[in-house]
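The primary structure of each chain is shown beneath.
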Amino acid sequence: MNFTIKKLSDDCDTKIRVRNFLFSQIRSEYGYGYIPSWHKDIIDLNKYYIDCRKNDLFFVENNDNGRIIASMAIRQYDKDFPEFRDIYSGETTASIWRSFVEKPYRRCGLATLLFNVVEEFCYEKDFNEIYLHTQKNLVAGFNFWKKVGFRVTLDTNNELKTVHMVKNLCGK
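Starting from 1, residues in each chain are numbered consecutively following that chain's sequence as written. The model is predicted, so local features are restricted to residues of pLDDT at least 70 and side-chain atom pairs to those at 80 or more, both for listing and for counting; the totals for chains, interfaces and linings are taken over all residues. Side-chain measures were taken over the full set of non-hydrogen atoms in the model, leaving aside hydrogen atoms and water.

Engineer: I tried to follow helix α5 (residues 139-147) on my own but got confused; where do I start?
Structural biologist: For an α-helix the count is 3.6 residues per turn, leaving residues at separations of three or four pointing the same way. Residue exposure (1.4 Å probe, protein chains only): buried if accessible area is under 20% of the type maximum, exposed if over 50%, otherwise partly exposed. Secondary structure elements follow DSSP: runs of H or I of four or more residues count as helices, runs of E of two or more count as strands, with numbering from the N terminus. Looking at α5, one finds that the buried residues are F142, F144 and W145. One side of α5 carries all its buried residues, which in axial view fall inside an arc of 160 degrees. Exposed side of α5, more than 90 degrees from the buried face: A140 and K147 are the residues found there. Every residue pair with non-hydrogen atoms within 4.5 Å of one another is taken to be in contact. Looking at the buried side of α5, the elements it contacts are β3 (68-76), β4 (93-101), α4 (110-124), β5 (129-135), β6 (151-155) and β7 (162-168). With its phi angle positive at about 105 degrees, G149 sits one or two positions after the end of α5. Read the arc as the range of directions from the helix axis to the C-beta atoms.

Engineer: Even after reading the chapter, I still don't get the sheet that holds strand β1 (residues 3-7), so can you show me in this structure?
Structural biologist: Two orientations exist for strands paired in a sheet by backbone hydrogen bonds: parallel and antiparallel. At least two bridges found by DSSP between two strands is the condition for calling them paired. The seven strands are arranged β1-β2-β3-β4-β5-β7-β6 in an open sheet whose pairing can be described as mixed. This sheet does not close on itself; its edge strands, each paired only once, are β1 and β6. Ignoring which end each strand starts from, the neighbouring axes of this sheet average 25 degrees apart. Bridge analysis of strand β2 (residues 56-62) against β3 gives six bridges, and the strand direction is antiparallel. Paired with F59 across the strands is S71, a residue of β3. Convention adopted: a line fitted to C-alpha atoms gives each axis, helices being fitted over their contacting stretch, and angles between N-to-C directions are expressed from 0 to 180 degrees. Contacting β2, β3 and β4, helix α1 (residues 12-30) runs over the sheet at an angle of about 80 degrees to β4.

Engineer: What's the story with the packing of aromatic side chains in this structure? I'm lost.
Structural biologist: Centre-to-centre distance and the angle between the planes together describe a pair of aromatic rings. Within 6.5 Å between ring centres, the rings of Phe, Tyr and Trp (the latter by its six-membered ring) count as paired, and their orientation is classed by plane angle as stacked under 30 degrees, edge-to-face over 60, tilted in between. Scanning all chains against the criterion turns up 13 aromatic pairs. Between the aromatic rings of Y77 and Y131, the centroid separation amounts to 5.2 Å while the plane-to-plane angle is 85 degrees, which identifies the pairing as edge-to-face. Here the residue Y77 occupies a position in the loop between β3 and β4, and Y131 occupies one in strand β5, the gap between them amounting to 54 residues. The class of Y77 is buried, set by a relative accessible area of 7%. On the numbers, 5.3 Å between centres and 80 degrees between planes, the contact of W145 with F150 is edge-to-face. Per residue, the accessibility class of W145 equals that of F150, and both read buried. Of the aromatic side chains, those joined through ring pairs into one cluster are Y77, F84, Y88 and Y131. Charge-over-ring contacts are defined here by two conditions on Lys NZ or Arg CZ: a distance within 6 Å of the ring centre and an angle within 35 degrees of the ring normal. Residue placement shows K54 over the ring face of F127; its charged tip is 4.4 Å from the ring centre. Positioned over the ring face of W97 is R75, at 3.7 Å from the centre of the ring.

Engineer: I keep staring at the nonpolar core and nothing clicks. Help me out?
Structural biologist: The nonpolar side chains of a soluble globular protein tend to be buried with one another. Among the buried residues, those of types Ala, Val, Leu, Ile, Met, Phe, Trp, Tyr and Cys that are joined through side-chain atoms within 4.5 Å form a nonpolar core. If you look at the biggest cluster of nonpolar residues, it comprises 28 residues, and the most contacted ones within it are I74, I96, F115, C122, I130, W145 and F150. Counting only elements with at least two residues in this core, the list comes to β2, β3, β4, α4, β5, α5 and β7. For this core, the element with the most residues is α4, which contributes seven residues. Judged by nonpolar contacts, the second largest core, of 16 residues, contains V18, I26, Y48 and F59.

As structure tokens, then:
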């Protein structure tokens with residue numbers, strides 16, 4: 001497979017392609033489209049990823065056809081979950097967002113390669129830990145996060161099967 005990992009740039013065409021990829025993956029994986037309160041970052045890529053020193057979005061481009069086939073974003077922790085209010089902060093905690101691999105390219109190591117780039121970015125930005133939340137019924141994804149060192153910090157046991165996970169970065 002011939003591909004390149006790229007960092008999101010302020011190029012208009014690239015932003016349109018990234019948006020289209022993200023929304024196509026959301027439709028495919030979750031069965032819904034744009035929801036304003038959930039997808040502000042996709043609409044305003046500059047505010048959330050390009051203009052923020054401690055945030056970024058990386059994607060994989062298939063060099064044979066120019067298509068985006070995977071993505072992973074990293075942001076300063078900015079959620080307001082009551083359970084974590086005094087635990088995580090944007091200064092010390094990064095948060096994984098928009099992690100997708102197109103179905104034909106899964107189990108080829110792309111998520112691992114992207115995560116390695118994201119993890120290195122987190123070390124460079126002096127984060128102490130990386131947070132994410134996912135759903136246990138996304139079995140391959142849930143197992144992937146455990147494989148790369150995340151541990152469950154809270155299992156909500158809700159209808160979405162949401163789990164919160166963290167990876168400690170201290171001591172590289």
